[in-house]
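# Structural overview
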There are 4 protein chains.
Amino acid sequence: MNLKIVIIGGGSSYTPEIIEGIIRRHHSFPVTEIVLVDIEEGKEKLQIVGELSKRMILKSGKPIQLTWTLDRKKALVGADFVSTQIRVGGLQAREKDERIPLSHGFIGQETNGAGGIFKAFRTIPVMMELAADIHDLCPEAWMINFTNPAGMITEALLKHSDHKKVIGVCNIPFNMRHSTAEILNVSPDDVEIEFIGMNHFVFGRKVTVNGQDRTEEVLEKLKKGLDYSPANIVNLGWSSTFIDSTKLLPNPYHQYYFQTKDVLTKDIKAFEENGTRAEKVQELEKSLFDLYKNPELQDKPKELEERGGAFYSDVACSLMDSIYNDRKDIQTVNTFNNGAITDLPTDAVVEVNSIITKNGPEPISVGPLPPVVKGVIYEMKAFEELVIKAGISGNYNDAYTAMIMNPLVRDEKGSKILLDELLEAHKEHLPQF
Amino acid sequence: MNLKIVIIGGGSSYTPEIIEGIIRRHHSFPVTEIVLVDIEEGKEKLQIVGELSKRMILKSGKPIQLTWTLDRKKALVGADFVSTQIRVGGLQAREKDERIPLSHGFIGQETNGAGGIFKAFRTIPVMMELAADIHDLCPEAWMINFTNPAGMITEALLKHSDHKKVIGVCNIPFNMRHSTAEILNVSPDDVEIEFIGMNHFVFGRKVTVNGQDRTEEVLEKLKKGLDYSPANIVNLGWSSTFIDSTKLLPNPYHQYYFQTKDVLTKDIKAFEENGTRAEKVQELEKSLFDLYKNPELQDKPKELEERGGAFYSDVACSLMDSIYNDRKDIQTVNTFNNGAITDLPTDAVVEVNSIITKNGPEPISVGPLPPVVKGVIYEMKAFEELVIKAGISGNYNDAYTAMIMNPLVRDEKGSKILLDELLEAHKEHLPQF
Amino acid sequence: MNLKIVIIGGGSSYTPEIIEGIIRRHHSFPVTEIVLVDIEEGKEKLQIVGELSKRMILKSGKPIQLTWTLDRKKALVGADFVSTQIRVGGLQAREKDERIPLSHGFIGQETNGAGGIFKAFRTIPVMMELAADIHDLCPEAWMINFTNPAGMITEALLKHSDHKKVIGVCNIPFNMRHSTAEILNVSPDDVEIEFIGMNHFVFGRKVTVNGQDRTEEVLEKLKKGLDYSPANIVNLGWSSTFIDSTKLLPNPYHQYYFQTKDVLTKDIKAFEENGTRAEKVQELEKSLFDLYKNPELQDKPKELEERGGAFYSDVACSLMDSIYNDRKDIQTVNTFNNGAITDLPTDAVVEVNSIITKNGPEPISVGPLPPVVKGVIYEMKAFEELVIKAGISGNYNDAYTAMIMNPLVRDEKGSKILLDELLEAHKEHLPQF
Amino acid sequence: MNLKIVIIGGGSSYTPEIIEGIIRRHHSFPVTEIVLVDIEEGKEKLQIVGELSKRMILKSGKPIQLTWTLDRKKALVGADFVSTQIRVGGLQAREKDERIPLSHGFIGQETNGAGGIFKAFRTIPVMMELAADIHDLCPEAWMINFTNPAGMITEALLKHSDHKKVIGVCNIPFNMRHSTAEILNVSPDDVEIEFIGMNHFVFGRKVTVNGQDRTEEVLEKLKKGLDYSPANIVNLGWSSTFIDSTKLLPNPYHQYYFQTKDVLTKDIKAFEENGTRAEKVQELEKSLFDLYKNPELQDKPKELEERGGAFYSDVACSLMDSIYNDRKDIQTVNTFNNGAITDLPTDAVVEVNSIITKNGPEPISVGPLPPVVKGVIYEMKAFEELVIKAGISGNYNDAYTAMIMNPLVRDEKGSKILLDELLEAHKEHLPQF
């Protein structure tokens, strides 16, 4: 039997991780074919990654056929899973997403700040086209999206494309679970965290280890500085008062919302000294590709884990494995709320624990949001809806409402300045505007 | 380590089934102590069942200590699980629940018709006292209720008692799953049905076998007369039109609501010929106890499966096993809705697929009810709320509203007649009125 | 300034009432033009009614131009208000709506029983066409619908037609208010009743007279037999227990739902003796038209008030007057719920007290439904949604779900029998099926 | 017949306005007795205001008996209306509410910023006691609250006190309506604005003049700088983009949320130059009382209108008049949502157009919130719930959650600093902490 995976954005430096994940799971998830797809501008990287991937598979001895191509449509035919890890406009675009807001005194948050709005605007049209192709060419395929802003992209697709087999994934819940395990000195497999909210705005409400409630213990550790940030985020730590008052596990991105002044000061200083995170990532990427070119290299190099997105691919592989095997295990994904969080719309995409079946994720009921964060979570979801609306419509006023209702902007004049500069800076990637 | 189960109503003829279930699961669910509890009136039966249970355990060779007592409070100390299978007023009361309505031309439905209202009224005060004892004496214990009307009793306890670790179980979803498996010629373990609604008013929406959607096939079989009724219900079968229009799997109790005239005709005829179901059950019980007394008998006798409640205990054992082991498998239980069914209140008890954890069940999101049945399901839930309110308050007018809003009664005059006669007939068991 | 009213179904025997209402309000609602419209089959009646109306206007001395025509489109041009009082299939169709169900032991309720379903099915296509014409020819006109089932027809139009200026009216709230006033011996203008629910399933929750709460007093009277039924319904009266338990004012149609057995017995007896209500109405109509023909007659004859629909027109005139004058007074109309009743969908049409403005009705918040009736009201609304869906789709299975979910039918076999016979009986008026 | 009004905080400089309003409405709202109540610290002002009020009444010739007292309980006996205009801690407290946040770079917004949280904390216990007295001594009396934060105080009382006849009022909707009238050159009586949201966070969605929709026209004016701010707020104006994107009428307080940076700059500058608004108000008050002392003065002096709260009393008088007369006119008040805004809880207090009856306000349905502001409105309401919870509980962590979830603070460290300093500064008025 054929089991075919197509990786859109296959020339990404993350690809070796997903290849490794596929190899490792081959006994239960017997992939027979992998096609890496990228665009003309990524041709060179695609070949480097393709060749490394081939060497990895060869070393593993698994009967997996791997090819790479620029012809997306041809690649999609017969696919069972399509994973997406694209970056429209590349790291240069990300640099602008960060730099332009910072230059006006706003946080250049690339996933759900002003920058994230434009990442969504650039990505939505491309993903809508991709979803249309999938719907035509491999309608039974599951689309596993780990392109950021993963929650908003997933909601845009589920609401506006014809292809309804779309799931969003993120490594934040994975990281939070792993860091928590480390701190409690137990296996990550034994840890479960009840997640509440949306992508990059998710909170943990309850930690159990083999069913034993150990939330209080973790909260105590958090008060002492427990850090479960991915590599791309320097966590400022959380105060006892914050933890005692919310009784929730924040995720690393929450610092942007609740420690805004400090983050801004730090970001501006860092920017003045070293440029943006995007610039650092560009350097890191360059050195990664230098490594990848080495024909002796037959494994995912350690250095890859320094990237913020590490483990994304592991999350994606786990998910595909559970769908394929109808495992009905619990994973944290981005999917339609469907009542799980009673305060949010049924058709909002949320990031919650879900049962993973052959027919996709089924969220486990969360009930009402904790009163202390229900306001900010609802607000953030409403903001996301405005971004999606504008990303689809391409209407200037829609885009303005998204910008001003972002809690990191929320400024009448500043919104217009950011909007105008970012529209200009990214215009080649914004066909809808 | 100690693992203690207390069985309230331990003198019930169903007890050998639960004993068998515990023995069978001993490798993963290592019960060390079982106490059967009953009341003075059930003393003799309790001894018969107790002795049979002892012989069963002896034969199994498992190190389980079994005792029986009339002292409930003493028994509860140290319990991990308390299962409840009581019948306040005994089968004589059930006979009245059926006979009185029938004599006025209404269906004497003992679980959610006029009779069921009074079963709830008799049972609620007893269960409230039990829950208070559990809360005092073994606050960590899970109360597994399979006393009917299981949904309403569970909701009454979850809303009005201090003990919140209460789960209601029923054999209907179990039976539906098993019959469906039989018809599809697959193992019941591979079959999953998405259940929607409340106890004895639950529908199946989707049937999957190892993740493959086979709903249409099952609906076709239903049109040809597939019967998944328990032994106590003669199913009249469902027409093609009904199945094609609803696209749902009804449960056996739905015939009372959608085939009312035929059931009534049949029940009246059967009553005239043979007395009520309750009377038949009384005979059956008598012959069961005659069997149980046989000192040679060391196993649950086959004859027990002819009772309508068969497999209840299996369902309960599965549930206790999964809680104990934090299995996170999917079982169908009665628990707080918590948003799973978006049309029903958060604190309504519903019967839905749930993840079973050490901390109890977490329902999987169902989303909005199917439009075709949302009216009747909502109505039934509102009726249940009225029954619970009256069962707690003991107020005559509250009881009247419950009676008239039952869809099998809904008659201004008839409601009063039934209410007055049933209040009189059961008065010794209705301290609250 | 021109103020033009078009009366669809202008040949109806009720027309003189609306003419009288217009004349009476001419000082504040200065109608300049009335056009009566009817279809070929009603040509003769149209002329009789037209001539009587002309005489009425002449006598009044008001400068109103009245004409009649079979050309609907031409009539609509320039209209400010369009009132609709049609009866697709005439009284013969109503007779079938009542007779066929009765012959199978079901209540032939012509507004929201089995008969009402078919009245809706016949009327929806005609009203959809009319709404389309209005939308084309006089898009600013308000459509005032008093064709039954008024609530469902209004919801069908508001949801499925492009014309959104539609309001449904009924004389039941008017009658309840007037009877209540009579019993309290006060002026109807001083009485306000808080209405809750839907057309023909509306309850009164609170009665105030000039702001004084006199609900208890009215409930006491109800227990003694207060009758606020229209002429077409013989009220059986309500018991003390029913009133004390619900604390609500039922409307006359509630007897069909809560006194079903008695009504059925009575209806069958009446039918055997005298034929259906429809047949009686046919006779009454005939004698009315005989009166109308009298060239001496210059007023609405007293005999008209014996019809069940009396005062419908008064309700409609009041409504048009308040819209025209932006009165912001409180009237009871059928309009989108919009949150007024928190338990029902936002886009359900409900019958509630509303502020009447130039821009249409704005419902006053009711809040959650009273627990005692929330089940039946929700159920009834869900049933209505099924009727509307089927009335638009013309799908057999949709029609079956509407039939079986009607609380007066709710019978698997009976539903099919009624459905098939009624579809056959009315086929010429059911183009959509 | 007696009609008695008790004014709590009767020594306020606003009292002459309410006296004037009562005199002006005496023909329809025939007040017979007014008692001004204040506390020991306000004794002197109370006498000054009391004597001026007496002179005003004398001049009017109305048969109203006016007295003043420090004995609140005695004053309340027999009251029909109790109006409340207290300022716990006086203007000194307000100065701290503004100065402390400003000194840390946060807006010292005294109604719903950090300062407003403490105004609520100081006021809630006092108002709870007052409500308890009213409930004991004049249970039929309506409590008309115009003490800020008016929305939160009203919600606290409606949820936590036994007295349920409480209505909150504010002059913002009044001012918006009057400024709009001015700009459209029409009478304020002909203007209606659909208000959506909560006190000091209310938006106008639709403007009608005698039922004619003139919203677009007003939005155009807004883009040109229409100012409907009260005297205490300097409006920065709204940009075309903001207006075109939201299509809503902001209220003057919205500048704190959407023009935060500019307001902060301005406030800091103003503070450095002139001290806080509170200090200016103190001076204004002093000069007002100098005027009031003049025994020749028999009227409300013009100078009073320079205060931000001008017309509050007019709003309160209108409201009392409509309740007394069961007018059923439309006024904008703070009352339980009850479904009017479908996105907010049923028991949230909202500021919406309501029908004013003898039994209090009944909100007119608004429906779903406009998507563009639903996030911020929901967030603000959730924040208010946290303030109320903390104001009742006196719990430190509850207070911290309120502070950090305020959109003008939302800073982990800053919240603690503000909280600690404000708790210390106001401790004598915070018995609950």
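Starting from 1, residues in each chain are numbered consecutively following that chain's sequence as written. As they are written, the chains are lettered A onward and the ligands numbered 1 onward, keeping that order. Reporting in this predicted model follows two pLDDT cut-offs: at least 70 for local features of residues, and 80 or more for side-chain atom pairs to be given and counted; totals over whole chains, interfaces and linings ignore these cut-offs and use all residues.

Let's shift gears to the overall build of chain A. Only DSSP runs of H or I reaching four residues or more are called helices, and only runs of E reaching two or more are called strands; each is numbered from the N terminus. Helix and strand content of chain A: 16 helices and 12 strands. Between the two quantities, the radius of gyration covers C-alpha atoms and the globule rule is 2.2 Å times the number of residues to the power 0.38. Taking 22 Å as the expected radius of gyration for a compact globule of 433 residues, we find that chain A reaches 21 Å, a close match to that expectation. Dimensions of chain A, computed from the C-alpha atoms along their principal axes, are close to 55 × 55 × 40 Å. Whether a residue is buried, exposed or partly exposed follows from its count of other C-beta atoms within 10 Å of its own C-beta, namely 20 or more, 12 or fewer, or something in between, respectively; the C-beta atoms are built from the backbone. Per-residue burial for chain A yields a buried fraction of 57% across its 433 residues.

Turning our eyes to something else, we now look at the sheet that holds strand E8 (residues 201-209) of chain A. One key point about sheets: their strands pair by backbone hydrogen bonds, in either a parallel or an antiparallel sense. All names here are of chain A. Within the open sheet, the 3 strands sit side by side as E7-E8-E9. Their pairing is antiparallel. Two strands bound the open sheet, and with one partner strand each, they are strand E7 (191-198) and strand E9 (212-213). A pair of strands is treated as paired once DSSP finds two or more bridges between them. Summarising the sheet, E8 and E9 pair through 2 bridges and their orientation is antiparallel. Bridged to Val209 within E9 is Gln212. A residue pair is marked as a contact if its C-beta atoms, positioned from the backbone, fall within 7 Å. Axis angles are defined between N-to-C directions and span 0 to 180 degrees, where every axis is a line fitted to C-alpha atoms and, for a helix, only to the segment in contact. Its contacts with the sheet put helix H7 (residues 172-184) on E7 and E8, and the angle it makes with E7 is roughly 145 degrees.

We now examine the interface of chain C and chain D. Taken together, the contact between chain C and chain D spans 23 residues of the former and 24 residues of the latter. The set of elements that each furnish at least two residues to the side of chain C that touches chain D consists of strand E11 (349-357) and strand E12 (360-363) of chain C. Only Asp, Glu, Lys and Arg are considered charged in this grouping, and only Ala, Val, Leu, Ile, Met, Phe, Trp, Tyr, Cys and Pro are considered nonpolar; every other residue, Gly among them, is considered polar. Across the side of chain C that touches chain D, the residue classes tally to 7 nonpolar, 11 polar and 5 charged.

Residue and element names in this part refer to chain B. When you line up the elements, Asp299 lands in the loop between helix H12 (277-292) and helix H13 (312-325). Assessed through the 14 C-beta atoms surrounding it within 10 Å, Asp299 is described here as partly exposed. Residues Asp299 and Glu20 lie 279 residues apart in sequence; the distance between their C-alpha atoms is 7.7 Å.

Turning our attention to the interface of chain B and chain C. Facing the 32 residues of chain B at the interface are 32 residues of chain C. Counting residues per element, the ones that place at least two in the side of chain B that touches chain C are helix H9 (240-246), helix H10 (254-258), helix H11 (260-274), helix H14 (371-393), helix H15 (396-404) and helix H16 (412-425) of chain B. With 11 residues, H14 of chain B is the largest single contributor of residues to the side of chain B that touches chain C. When its residues are assigned to classes, the side of chain B that touches chain C shows 13 nonpolar, 10 polar and 9 charged.

Residue and element names in this part refer to chain D. Read from one edge to the other, the open sheet built from 3 strands follows the order E7-E8-E9, with strand pairing classed as antiparallel. Unpaired on one side and paired on the other, strand E7 (191-198) and strand E9 (212-213) mark the two borders of the sheet. Where helix H7 (residues 172-184) meets the sheet, it contacts E7 and strand E8 (201-209), and its direction lies at approximately 145 degrees from that of E7.

Before going further, it helps to spend a moment on the relation of the copies chain C and chain D. The pair of chain copies shares a relation made of a rotation about an axis and a shift along it. When chain C is brought onto chain D, the operation consists of a screw motion whose angular component is 180 degrees and whose axial shift is 0.0 Å, with 0.1 Å RMSD remaining. Expressed as an axis order, the relation between the two copies is that of a two-fold axis. Relative to the rotation axis, the C-alpha of Ile364 of chain C is the closest in chain C, positioned 2.2 Å from it. Here 100% of the interface residues in chain C have copies in chain D that are interface residues too; the copies meet face to matching face. Only residues with pLDDT of at least 70 in both copies contribute their C-alpha atoms to the least-squares superposition of the copies.

What follows deals with unusual backbone geometry. Cis geometry marks the peptide bond from Asn148 of chain A to Pro149 of chain A, where omega comes out at -10 degrees. Residue placement: Pro149 of chain A occurs in the loop between strand E5 (142-145) and helix H6 (150-160). Phi at Asn185 of chain B takes a positive value of approximately 60 degrees, unusual for a residue other than glycine. Secondary-structure assignment places Asn185 of chain B in the loop between helix H7 (172-184) and strand E7 (191-198). Of note in the backbone geometry, Lys247 of chain D takes a positive phi value of approximately 55 degrees without being a glycine. Judged by C-beta crowding, with 16 C-beta atoms within 10 Å, Lys247 of chain D ranks as partly exposed.

This next bit is on the relation of the copies chain B and chain C. The two copies are related by a screw operation: chain B maps onto chain C through 180 degrees of rotation and 0.0 Å of translation along the axis, at an RMSD of 0.0 Å. When you check the interface residues of chain B against chain C, 100% turn up at the interface there too, and the contact is symmetric in its surfaces.

This part is about the pairing of strand E8 (residues 201-209) of chain B. One face of the sheet, then the other: side chains in a regular strand alternate in exactly this way. All names here are of chain B. Strand direction decides the pairing type here: E7 and E8, joined by 8 bridges, are antiparallel. For Met198, the partnering residue across the bridge sits in E8 and is Phe201. Connecting E7 to the antiparallel partner E8 that follows it, the hairpin turn spans 2 residues, and His200 within it adopts a positive phi of roughly 65 degrees. Turn length for the E8-strand E9 (residues 212-213) hairpin, with the two strands adjacent in sequence and antiparallel, is 2 residues, and the turn residue Asn210 shows positive phi of about 50 degrees.

So, on to the packing of helix H4 (residues 90-103) of chain A against helix H5 (residues 114-137) of chain A. Residues and elements named next belong to chain A. Between H4 and H5, the least distance of the axes is 8 Å, while the angle of their chain directions is 150 degrees. Note that H4 runs across H5; the crossing there is right-handed. Touching Ala93, Asp97, Glu98 and Pro101 of H4 are Ala114, Gly115, Phe118, Lys119 and Arg122, all from H5. The residue inventory of the contact of H4 with H5, partitioned by class, reads 4 nonpolar, 1 polar and 4 charged. Crossing handedness follows the turn of the near helix against the far one: under a right angle anticlockwise gives a left-handed crossing, and clockwise gives a right-handed one.

Turning our attention to helix H16 (residues 412-425) of chain C. For H16 of chain C, which comprises 14 residues, the first-to-last C-alpha distance of 20 Å matches the rise-based estimate of 20 Å (1.5 Å per residue) to within 8%. Looking at the buried residues of H16 of chain C, the elements they touch are H9, H10 and H11 of chain B together with helix H4 (90-103), helix H5 (114-137) and helix H15 (396-404) of chain C. The span you would expect from a helix comes to 1.5 Å times its residue count less one.

At the level of C-alpha atoms, the two units chain A and chain C stay apart, their nearest approach being 14 Å. With no contact formed, the shortest span from any C-alpha in chain B to any C-alpha in chain D equals 14 Å.

The subject of this paragraph is helix H1 (residues 15-24) of chain D. Residue and element names in this part refer to chain D. Counted residue by residue, H1 has 9 buried out of 10 residues, so it is predominantly covered. Among the residues of H1, those classed as buried are Thr15, Pro16, Glu17, Ile18, Ile19, Glu20, Gly21, Ile22 and Ile23. Check the buried side of H1 and you find it contacts strand E1 (4-8), strand E2 (33-37), helix H2 (43-60), strand E4 (81-84) and helix H13 (312-324).

Here we take up the packing of H5 of chain C against helix H6 (residues 150-160) of chain C. All names here are of chain C. H6 packs onto H5 with a crossing angle of 45 degrees between their chain directions and a minimal axis gap of 10 Å. In this view, H5 runs oblique relative to H6, as classed from their interaxial angle. Here H5 runs over H6; the crossing is right-handed. Of the residues in H6, those touching H5 at Ala120, Thr123, Ile124, Met127, Met128 and Ala131 are Met152, Ile153, Ala156, Leu157 and His160. Tallied by class, the residues present in the contact of H5 with H6 amount to 9 nonpolar, 2 polar and no charged. Angle categories are assigned with fixed cut-offs, so that under 35 degrees is roughly parallel, over 145 is roughly antiparallel, 65 to 115 is roughly perpendicular, and the rest are oblique.

Quick look at the confidence of the model for chain A now. It should be kept in mind that the predicted coordinates are not to be read in detail where pLDDT is low. A score from 0 to 100, pLDDT tells how confident the predictor is in each residue. Overall, the predicted model of chain A reaches an average pLDDT of 93, with 97% of residues at or above 70. Quick note on the complex model: pTM equals 0.95, ipTM equals 0.95.

This next bit is on the environment of Asn112 of chain A. Tracing the chain through its elements places Asn112 of chain A in the loop between H4 and H5. With 89 residues separating them along the chain, Asn112 of chain A and Phe201 of chain A place their C-alpha atoms 8.9 Å apart.

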